[in-house]
Each structure stands twice: as C-alpha cells, then as structure tokens.
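# Fold and geometry: a report
One-letter residues, chain by chain:
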2 protein chains.
Amino acid sequence: MFDPTLHHLIANTIRGLAMDAVQKAESGHPGMPMGMADAAVVLWTQFLKHNPADPTWPDRDRFVLSAGHGSLLLYSLLYLTGYDLTLEDIHNFRQWHSKTPGHPENFLTPGVETTTGPLGQGISNAVGMAIAERWLAAQFNRPGFDIINHHTYVIASDGDLMEGVSHEVSALAGHLGLGKLIVLYDDNHITIDGSTELSFSEDVLARYEAYHWHTQRVDGHNPAAVATALRAAVNETERPSLIACRTHIGYGSPHKQDTAKAHGEPLGQDEVRLTKERLGWPVEPPFYVPPEVLETMRRLGAAGGDHQADWQALFTRYAEVYPELAATFQQAIQGELPAGWEAHFPTFDSKPLATRAASGAVLNAIVPHLPSLLGGSADLTGSNNTLPKGVSYLRRGDFSGRYLHFGIREHGMGGILNGLARHGGVRPYGGTFLVFSDYMRPTIRLAAMMGLPVIYVFTHDSIGLGEDGPTHQPVEHLMSLRAIPRLVVFRPADAWETAAGWRVALARRDGPTALVLTRQKLPVLAPGQVGNVTDGRVERAMRGAYVLRDENEPQAILIGTGSEVHLALAAQELLAAQSIPARVVSMPSWELFEQQPAAYRESVLPSNVTARVSIEAGVRLGWERYVGQNGISLGLERFGASAPYETLYREFGLTAEALAAAGLASLQRTRLK
Amino acid sequence: MFDPTLHHLIANTIRGLAMDAVQKAESGHPGMPMGMADAAVVLWTQFLKHNPADPTWPDRDRFVLSAGHGSLLLYSLLYLTGYDLTLEDIHNFRQWHSKTPGHPENFLTPGVETTTGPLGQGISNAVGMAIAERWLAAQFNRPGFDIINHHTYVIASDGDLMEGVSHEVSALAGHLGLGKLIVLYDDNHITIDGSTELSFSEDVLARYEAYHWHTQRVDGHNPAAVATALRAAVNETERPSLIACRTHIGYGSPHKQDTAKAHGEPLGQDEVRLTKERLGWPVEPPFYVPPEVLETMRRLGAAGGDHQADWQALFTRYAEVYPELAATFQQAIQGELPAGWEAHFPTFDSKPLATRAASGAVLNAIVPHLPSLLGGSADLTGSNNTLPKGVSYLRRGDFSGRYLHFGIREHGMGGILNGLARHGGVRPYGGTFLVFSDYMRPTIRLAAMMGLPVIYVFTHDSIGLGEDGPTHQPVEHLMSLRAIPRLVVFRPADAWETAAGWRVALARRDGPTALVLTRQKLPVLAPGQVGNVTDGRVERAMRGAYVLRDENEPQAILIGTGSEVHLALAAQELLAAQSIPARVVSMPSWELFEQQPAAYRESVLPSNVTARVSIEAGVRLGWERYVGQNGISLGLERFGASAPYETLYREFGLTAEALAAAGLASLQRTRLK
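Quick caveat: nothing in here was measured; it's all calculated off a predicted structure.

## Here's the deal with the overall build of chain A
A tally of helices and strands in chain A yields 25 helices and 20 strands. Against the compact-globule benchmark of 26 Å for 673 residues, chain A has a radius of gyration of 28 Å, which places it among compact chains. For chain A, the C-alpha atoms occupy an extent of roughly 90 × 60 × 45 Å along the three principal directions. Across chain A, every contact between residues at least 6 apart in sequence was considered, and the portion connecting residues at least 24 apart equals 76%.

What follows is the structure, encoded as structure tokens:
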C-alpha cells in the first residue's frame, strides 16, 4: 500500500501546478487535473509500467489522456516521474515553442502517447493501442516469452463518453474482449455548459455492461478504493474495464469546485490562494514541488528503467531462440518494411479493372510479404476489396488474424487506425466509401497532425458509383481532403497507378495517405513505354502528375484524375481529329506533384501552354491552380443523382466531347489575348 | 385486429415489389424490405396517422426509414396507400429522373420525410422531429386544442445503431423523455460483411435501457406481437421506445434468407422465382399487386383524409379562439418569418467586439421577434454565444424553452437540426467550434442536399483561438465547407458583417448557412458611409464581397475575409505610404458573391487590376480563383500551434507587413509581363 500522506502530497503538487500554470498562462483547464489528481496518482505510482528514460520502450503500458484539456495532469506526471520535461516547461504552458501546449501533442512532448483534445479521440486511439497489443502478442509471443504484454490505460471524461465515436470503439472493444484496456472515467457531473443534468443522464455503467465491459464505481478521491478497483480491473482479463471515479472538478477550490467555472479558465489569483490554503498547501512559491514528492516520483520513474532492463534481457534471450521473429518484431516496431517489398507488387493485363479491384490485387500480392500490415473495413469489405486472400479476422480470444471487421463504425475505425499506428509495430489501413470519409474526418485530421502513416482505402469515389444516388456519391470530398495539410490524396487512373498509390502510401513514414478508388471498371493502360517516354508509369505516377500521352508541340493540355483520365484520352483524339495537338496529363496526386522540383512541374505543365482543361467528377473549386486564367474546369457543382453511372456522366456533361469542346474554348481564350 | 390473411398478402406484395424492382434495376437492396415488411405493414395499417393526399399535413405522424437502403419498403407503402407515386415509378427504381432513387430523397418523392441512406442519420433526424413536435405542442397547444400531437416512428438497422451518431441522439432522446418517439429496430443479425457476430455483439436493449428508453423484443414476423408492442410503446408516454424486431433478412428466399447475399444485390431471376413460390406468390407477372391489397391500402390511406379533416376542423376552431397563435403557427409551419423581422437587428458602437459576441447580440435582439427560432450548442454555449438573454432550455417534461443543450454531441446536433428543419415549424441553429464542424460534416452535407435552412454558428474560427492549440484551430475547414454544394459559408469581418450574415442565413429558404466567427475581439468598422459609397455595409456584405475601402485608380486589390480584413486595411495604409493605391475587398462569402451579376463582380474585382493578394488564416487552396495568375495568397499550409494568437499571426506571417510586401510582389509580377 502506498503511503497516504505522500499520496496527498503528490496529488496536491499536481493541483498546485495545474492552478499556477493556468493562472500564469491566463488560459487553460485547471479543474480536471485537480479533480483527477488522486486517481491518476494511484495509477502512475502503483500500476503504470513505464520508463521515463525511454518513452519508446515497446512493451510499456500506454497511458492516454482522452480528456486532453486536462493536459497539466499529464505534464505534471511526466515532469515528476522524470521524462524529458522540466518545471520550466510547465512554467511555459501554452506558449510558443513550448513542450506544454494547451492539449497534449505527442509530437512535441516525450511521454505523450497520442494527441488528444477533440473529445472521443483518445479513447478511440486507446482501443487501437489495445488491439495492437493483442495482435503483436499473438504474432510474436512464444511460451515463456511474453515480449508484448502491457496494459492500455485511459482517463476519459463525460465529453468523451457523450461523443458518438466512443460508443463505436467501446462496443468494438467489448466485442473483442480487450481485457487489458482500462478506462478511468472522470465522473465529475460537470460539463462546460454546467451540470451534466442539462443533457447527460444516461446510466454509463449499465451502457458499458451492455457492451460486455467490466464496470466499477468508486470514490475518485479515495486512493485505496481507486487502487482496489484498478487491481480488480487488471485481474479481469476477458473484458475491458470501466471505472467510474466520482470526482469533484476543481477539487479544493472553495468557490469553484463542482462548477463549470473550474473547467476552462484560470481560477483567479484570489481563488488560487484560497484553494491552496484549504488544501493545506503553501501559497508561495507558485509551482511548488516538495522535495520528497520529486524524490519519490523520480525514484518510481527510475524503477521503470529496471523493468525495461528485465524486458530487454528477456528480448535478448528471445532473439537467440527466435532470431527471425525478433528481427521481424524490431523492424515492425521501427516502422520499417522488409527490404525489397516493392518487388512483390502484382502486374496487370489489359483487362478492364476497377481501381478498387486493382487495390485488392495489390493487397493479395503484398500482404504475405508485409507482416506489419493490418487492415479492415467499416463493413464494406467486399466493396472496398480490403480483405486479402486467405487472411482471417481478429476475434475475441484469437488475435492471430490480419483483418479487422470494424463494423459500421467509420469514425471509430479512424480513431482505431490512429491508435494502431501510434502504438507501433503495425501499419494499419482501413476502408469505406469515399463519401463516408466525412464520418471519420476528425480522425484523418489527427492522423495528419500526428504524421501517422495510416492508409485509407476510399472506394466508390464519384458519381461512378451510380444507382445508390447522391447520398452515396462524393462530390466535394476529393477537394476537401486535399485541404487537409500533410494528407496525401491519391486518385489513380488505372490499375498501374493504383499500384503507384500503394507504393507511395507504404513508403510514407510521416503522414497518412488516402487512396481514392473507383467502383466501376476502367481500362488498364500500358504500364511502361508511353509515347516516346520509356520509364514506367508506376514511377511516374508516384510523382503526382505526369504526361500520360503527348503530341508534338501540344497546343492544349487536358488534365484528369482517376476515371476521368480516360475521358481526357478520348478528348485528345477528338482534338487530334481537328488537327489540334493536345497533351494528356494524369494527375493522381496534387500533394506529390507539388513536392516535385520546379523544373519537373514545368516539364509537365509548361507555362507557355495556357490552353488547359481539367476534368474531375467533383467540385471545380481549386482547379484554377492548374488550369490558370485561360483554363476551364469540368466538374460537378451539385450533388449527384440515382441512375446508372454512364447516364450520370452524360447528363452532367462529363464527356470526351464536352472536354474537347472546352479544350477548343480554352484555346480560343488564349488567342483572344 | 387486422385480418391476418390480408396482412400477409400486403407484406408479400411488398416483398414481391422489392425483389422485382431490384431485379429490374439490376441493383438495390431487396433483403431489408423483405425482412421488415411484416412490422412495417403493422405500423402503416394499424398505427400511422397520415394522409397520402396531403403529405404536408402538419400534425401527421412522421415515419423515418433510417435504414434508407430499404427504400423499396417505403416506396411500396407510399404507392399502396395512395401517395403521388405510381407502380410505374417503382418500375423505374434507381433510374435517371425517377421518383424512386436508390435511397429515399425527400425532395424527390412525396411522403418521404427525410433523406436517408448514410447510416445513423435517419434516427437522428427523427429525434429532431420528436423534439419539434414537443416544442410546437408546448408553444401552441391549449386546453382542448392539441394542435400538435403526433408520433415519430423510425425503422432502424444494426448499422444505424452501430454508428456513433445514434448513440448521441438516443442518449439525448432518453434524457429529454421523448415519449412519442418509437423506433422499430430491424434486428436481423446480418450486415454487409456477414453475421453481426463479426463485429456487433452488444446487448442493444440493455444499452437503450441505460439511456432510459422503454424497450421490447418481439418476433418481427408475428404481426400480432408487433401490434401489441407498438401499442405498449404508444401507451408509454414518458420514455422513447425501442422495439427490437427479430427478423430474417430476405425473408422467404430459400438460399439467401439470413445471409448477407440478400442485402445489397438482386436475388437473381431464379431465386426470385423460388422465393415467390415459397411465399405462395404468383411468379408472374412481376410487380404484382393483388386488387384486394391495393383496395385495402387505398381505403386506409383515404381514411387519413378524414383524420386530417378532423384536425382541420379543430384548427379552425382554434384559430377562432386563438387567432394570433394560429397565425403564428401557420407562419412557422410555412417557414416564413414575421414581416419586418430585419428591423429588430441591433446596432453596434465602435467598441471592439468578437464576431461571436456580435452574433450573440444579434440573437438577443431578434429572438423575441422570431418565435420559430430554436437554438442550442454542443456544450459550448458561453463560447458560441448562442444562448439568448432570458431564454430557458428544453428539459424532460417542459419543452416551453427555446434553447437546447445538445451535450458534447456535435454530430447528433447536426442530425437533430436537420430533423427540426424537416419537421417544419422550427428554424433551428446550433453552435460549436469551427474545428468541430468536422464531427458533424455528414449532417451538413445532408442539410445542403435537402435544402434545409439550418444555421450553424461556428466560432473560434482560426488560429485566432490561440492557446488551445492545433487540435482546436481550424485551418482547412473554411475551404472544405466551401466545397459543399449549396452551403453558404459566411465569415464576417466585424459586427456589422455579422449582422449581414444572420440576415442572409435567416432569409434563406433553400439551404444551410454556416456563420464563421472569431473568438478574438475585432474592430467595429463604420456601418454605412465608406469612402465615397453611401449604402450600408450590411447590405453590401450580403452580396458576398464588396469594396470596403478604396483609393483612386487602385493598382492592387487586397482581399480578406473575417479577422484578416483588418490586416488588409492596415496593409493598404502601408502601401499608400509607398504611393501605391490599393483597394480593400471584404469577402465574407464566396457563394453569395458568385451569385451576383457579372457586372457587380467586375466592379468589385476589375479584370484589369491583376495585382491581387488574398489573406485568410487557412489553407490557400482555391484562392487562385480570385487572385488570378499574378496574385499571391497568404494563408496557412500547416496546422497551428498553442500560443497567444498575436504570436501565432506574427510567427505564421499573417501580418499587414507581409500582406503589403505581397501586394508589391504581385504588382511586380504584373509589370514583368
């Protein structure tokens, strides 16, 4: 049993740091760290297996602060236990270039496992981490060698549990029986608007029991009770655990405890003083850390080094007995792919093929050679072509498969993909229809912000999906995904370009890639020699845009993406018949093209050819970038309709004839000037 | 009690129509209509209060097919009961310009209450409708005059209940005690990927009980049991009801019943024949409707006319006793605002004001004069300034307020706003941070598709929110919202433009409007006389873009939106100091500007002034449209950071100095040509 006096000293240290840092920054959220300090201290002093000296230890417990606004709780614990975070950093809370931003950002702060703040995301990432743990254990553990065997702990708020995404991932966590996932629910009865009675009266524990979770309710300010509950949760190995900790937001504040006023603003100098007095805490100095607190916490942190050393010794013996497994494990953990992985890509014959089917063929070919690849779909497996041949799926009690049936849970899928990637050892991909990327958009943004190499397989990418109608036809999605910084959007024109997209996505280490694929069949163009150019189309497509077919001294450029590239090829012939030489540029990825040297970009889109037309079955917004002021963009400035797709393309004017006519019109404009 | 023989005839008629229509279209979803035909027939023949001759009757029961892929179930019932939908229309299932698209679209088909298909949306809309019903009842009903007193029925699928948004709205529905909301849950154990055992094993009823719903479980193929359960649900007035109907997808199909093969593709000619034989149904002709079925259903439909006539008589008496209330009711139902509503807008002095605060001032001023306005926030009430002074909130048992605490449920809020708007009688608005518009994006798209006049109050619109950091700072959101067809995005530069935004939003009848507002204070510019132009800025801002400040023969144009307009004004002065006359254009709304006549657009952005710079604290993508090939766009091509906002603007180069320098550079480009 941990010393109660010391416990309270540590908890009050955190309360003091939270009050003072928010006060100094003149913004922030003091109430949550003050309320959850007790439970968090129990977790971090008596349960959490971690090593502040090495935040990358693969078998560490994962701790996710889903209620990211309480960032000072985490920063305090990181500092106290000895991560690379100083008291000075806490002084600089929420300042430019500090390691203590308003909400935890894993890419800034050692020991922060994932970027949280948007509610519901942390708990979703944690479910992904817990899945990763079970999956790696199934792959790599051997009798006597539990190389991977850790818990995933979460602190979640009312807000996390109100958000729909937490329903999705919690239901799946219960379904899969993630027994090593433990959630401490900060049950403080307060949201920003006031009492939870305004909008939140569900029986949370009963809901989680309905998901097949193990649930407990404790006084979150009773360290012994929290410890007992955590121990019970650890002992429960078949079900994930939810521990509702009844806490008091702004604990100790005479005028603001248990009110929304404690949530998201400084308590005020006077109230800080009164609170410290009530807690029996020195009013001065601010940011006070009693020496015995620091000493205790640092000692506990250092003990994590011993744990890791034990693990390292185990791993060394493992590597002797299972050298290949150990090598594979280390490669996976480092996020690397086996040398020569590109060689396993399939080839394609000239039979028409939907790019989603080409993507499926790529997966079939490469999955056996990429052991860290773990994929799934939000219940559109057959449509997304995401299930590789011969692969089985993860289920309760058996995590040896390589496929996740996410259920009809796009948002949850996105959060889990992020968690799988953040855990390490896993290269995750997930599929849904492109139109439903909207459902998971908050997670795509966070993958981009964190620089996670998540791969999205977005099929049914336009009105080309046909009869399902406008609710299922993306129109604005390509451009709105392109608007997300650091996301690479790749819309291939045929099977070979699809392979290029997968090459790009797998090679990326620093951000997510969205593969945007057709439902309908497309011609498969020749893979290599095109016109007088001899390099392969796969490599050229990987540059984002390239000259697909050219004529001598082209007078106009036709730019297309995806399925519309074939309309551009047909339009080129129509223009040729009128003696107008035109160039066809296939542009699967804006982002990749913009990373090319200026000379390459100029070679593809020479500035002196200003007669240009783009065609893409989506909104035109943004295409001015490439077509310029004489240019014309063909697109779709309305929602689609339910009909066979050939009809839709015709009725919406996305035809080779319209494209050729636009080429002429653009040429006309250049001549008028 | 309804005749069982007739019941089965009707249900099998629906099964036959579903099989035949999908077979003819060669695409669609036969399994769900076949599985839910029994329960739906019970609902439509014994419970539903509606009048096929007038689908706009305000007090009709609302029926929402949340499982929209089962559209043929709804089309069959609409046709059979006598809505303006023919058997010929069902023959044309999923064809160009037909009234029977793949998923139900309310704007195409009389009797379809809302557009469904994306899972979770229908049930969310239904919660909005049920709230609208209670709210209108609280406002307008008087003793003896239950002008509004109807149920909202839903058919929902496994997919609806897996989606997070259904958690959000169901929790709120339970919290509010929406006793007249009744959900039939099609518990068929099958999703697209196969058995629900792959991913879905929660105890749905226990979960709904945790939300304080009334729950029942019945055999969905036993009409008497379904009727009994519906009766119990109707009799339960304090809690919403969920009735889990155990059904068999593709009911009757010898080889496909209870399999995913019945879900989303034609059964095949042979299987259709075998199924009809097993059901004891004539194999020929296809689309067979027994005369007694049509006769019965039409008679039931016609009886709805009598119900409406009774209601009309009641309303006539009501109008005699409460003429003002009746007039207000009719105006609200017709979606009209009281004459002269614009006159109640506030004025502003020159004291700096965040546009979110200006928006709050507008609400305070107009809400007393706009009785149909019902607003709320996803737990950011104080931040969004969405709660008008003196207004109380809706709660269990008391719906007389005018404010909804949605809880931390952005997606649910979006779905409920759509439902409120689709119900009629309500002009809904809802607030959250702009960055969280991502969470509700699927609902914004549907509001746009349906043309619903929903108003979004999106505050904290840029890095201007400061210390909360990149997870809370929108960067790509403005442009990605602009990409949605029919959504008007309005980002005002000051208090007066904020009033203009509200004027636009309230005047709109045909689509949603997003007001994009600052956290930080902004100068309030003079309201009227600007330069040599005498009309008011409110009216000019309503045109989407206008000349805010001009010089004689401007050589450059500085275009800004929102808070960045003030940087443009400062840059203009910097340029003037270098003897370069520049024009400042404030462009709160691209969509409104693009609706202006060409001459107006030319007057604001004259083609001969090609030195142009835009500034907006978001991605540059798309700005090429207005700055042209000599232009430069200042923006933010990365995620933000946690720091005071003044620091962020400076560090990210969004300053008057940078803007003036860009103006010079653009001018330079024009001179090089």
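From this point, the narrative continues.
## Considerations on the sheet that holds strand β1 (residues 62–65) of chain A
Residues and elements named next belong to chain A. The strand order β1-β2-β3-β7-β6 describes an open sheet built from five strands, whose pairing is parallel. Each of the sheet's edge strands pairs with one partner strand only, and the pair in question is β1 and β6 (214–219). For this sheet, the mean inter-axis angle between neighbouring strands, taken without regard to orientation, is 20°. Across the sheet, helix α9 (residues 223–235) is in contact with β2 (152–157), β3 (181–187), β6 and β7 (241–246); its angle to β6 comes to roughly 170°.

## Things to note about the relation of the copies chain A and chain B
When chain A is fitted to chain B, the best match, at an RMSD of 0.0 Å, comes from turning it 180° and sliding it 0.0 Å along the axis. What the rotation and shift describe, once combined, is the action of a two-fold rotation axis.

## Describing helix α15 (residues 410–423) of chain B
The end-to-end C-alpha distance of α15(B) is 20 Å, a good match for the 20 Å that 14 residues give at a rise of 1.5 Å each. Most of α15(B) is tucked away, with 13 of its 14 residues classed as buried.

## As for the packing of helix α1 (residues 4–25) of chain B against helix α11 (residues 291–321) of chain B
Residue and element names in this part refer to chain B. One can describe the packing of α1 onto α11 by two numbers: an axis separation of 10 Å at closest approach and a directional angle of 100°. Classified by the angle between their axes, α1 and α11 sit roughly perpendicular to one another. Every residue of α11 that contacts α1 at Leu6, Leu9, Ile10 and Thr13 is listed here: Glu292, Val293, Thr296 and Met297. A breakdown of the residues in the contact of α1 with α11 according to their chemical character gives five nonpolar, two polar and one charged.

## A few points about the nonpolar core
Core analysis: the largest hydrophobic core is formed by 167 residues, its most contacted members being A:Trp502, A:Leu506, B:Trp502 and B:Leu506. Counting residues in hydrophobic clusters, the runner-up holds 156 residues, among them A:Val154, A:Phe315, A:Leu417 and A:Phe639.

## Considering helix α12 (residues 323–333) of chain B
Residue and element names in this part refer to chain B. Looking at α12, one finds that the buried residues are Leu325, Ala326, Phe329 and Ala332. Buried residues of α12, seen end-on, are gathered within an arc of 130° and therefore sit on one face of the element. Pointing more than 90 degrees away from the buried face of α12 are the exposed residues Pro323 and Glu324. Against α5 (121–140) and α11 lie the buried residues of α12. Count one or two residues on from α12 and you reach Gly335, which has phi positive near 75°.

## Topic: the sheet that holds strand β10 (residues 403–405) of chain A
All names here are of chain A. Judged by pairing direction, the sheet is parallel, and its six strands sit side by side in the order β10-β9-β11-β12-β14-β13 without closing on themselves. The outermost strands of the open sheet, each flanked by one partner alone, are β10 and β13 (488–490). Strand-to-strand twist in this sheet, taken as the mean axis angle between neighbours without regard to direction, amounts to 20°.

## Considerations on the pattern of salt bridges
Where charged atoms of side chains with opposite charge meet at close range, the side chains can pair. Residues and elements named next belong to chain A. Taken as a whole and assessed by the stated rule, the structure comprises 58 salt bridges over all chains. Arg239 is the partner of Glu236 in a salt bridge, and the nearest nitrogen-oxygen pair spans 3.2 Å. Judged by its relative accessible area of 31%, Arg239 falls in the partly exposed class. Where Arg482 meets Glu616, a salt bridge forms, and the shortest distance between an N and an O atom there is 2.7 Å. Of this pair, Arg482 sits in helix α17 (residues 477–482) while Glu616 sits in the loop between β19 (612–615) and α23 (624–627); the two residues are 134 residues apart in sequence, bridging distant segments of the chain. The class of Arg482 is buried, set by a relative accessible area of 7%.

## Some words on the packing of helix α2 (residues 31–46) of chain B against helix α9 (residues 223–235) of chain B
Residues and elements named next belong to chain B. Relative to each other, α2 and α9 sit at 55°, their axes nearing to 9 Å. Comparing their axes, α9 and α2 come out oblique. For the element pair α2 and α9, the recorded crossing hand is right-handed. Taking contact as the criterion, the partners of Ala39, Val42, Leu43 and Gln46 in α2 are, on α9, Pro223, Val226, Ala227, Leu230 and Arg231. For the contact of α2 with α9, a count of residues per class yields seven nonpolar, one polar and one charged.

Criteria and cut-off values
- Residues numbered from 1 in each chain as written.
- Chains lettered and ligands numbered in written order.
- Predicted model: local features only at pLDDT ≥ 70, side-chain atom pairs only at ≥ 80, totals over all residues.
- Heavy atoms only, no water.
- Helix = DSSP H or I, 4+ residues; strand = E, 2+ residues; numbered from the N terminus.
- Rg over C-alpha atoms; globule rule 2.2 N^0.38 Å.
- Contact = heavy atoms within 4.5 Å.
- Pairing = 2+ DSSP bridges.
- Axes fitted to C-alpha atoms, helices over the stretch in contact; angles between N-to-C directions.
- Least-squares fit on C-alpha atoms with pLDDT ≥ 70 in both.
- Expected span 1.5 Å × (residues − 1).
- Buried < 20%, exposed > 50% of the residue type's maximum accessible area, 1.4 Å probe, protein only.
- Parallel < 35°, antiparallel > 145°, perpendicular 65-115°, else oblique.
- Nonpolar A, V, L, I, M, F, W, Y, C, P; charged D, E, K, R; others polar.
- Core = buried A, V, L, I, M, F, W, Y, C linked by side-chain atoms within 4.5 Å.
- Arc of directions from axis to C-beta.
- Salt bridge = Lys/Arg side-chain N within 4 Å of Asp/Glu carboxyl O.
- Left-handed = near helix turned anticlockwise from the far one by under 90°.

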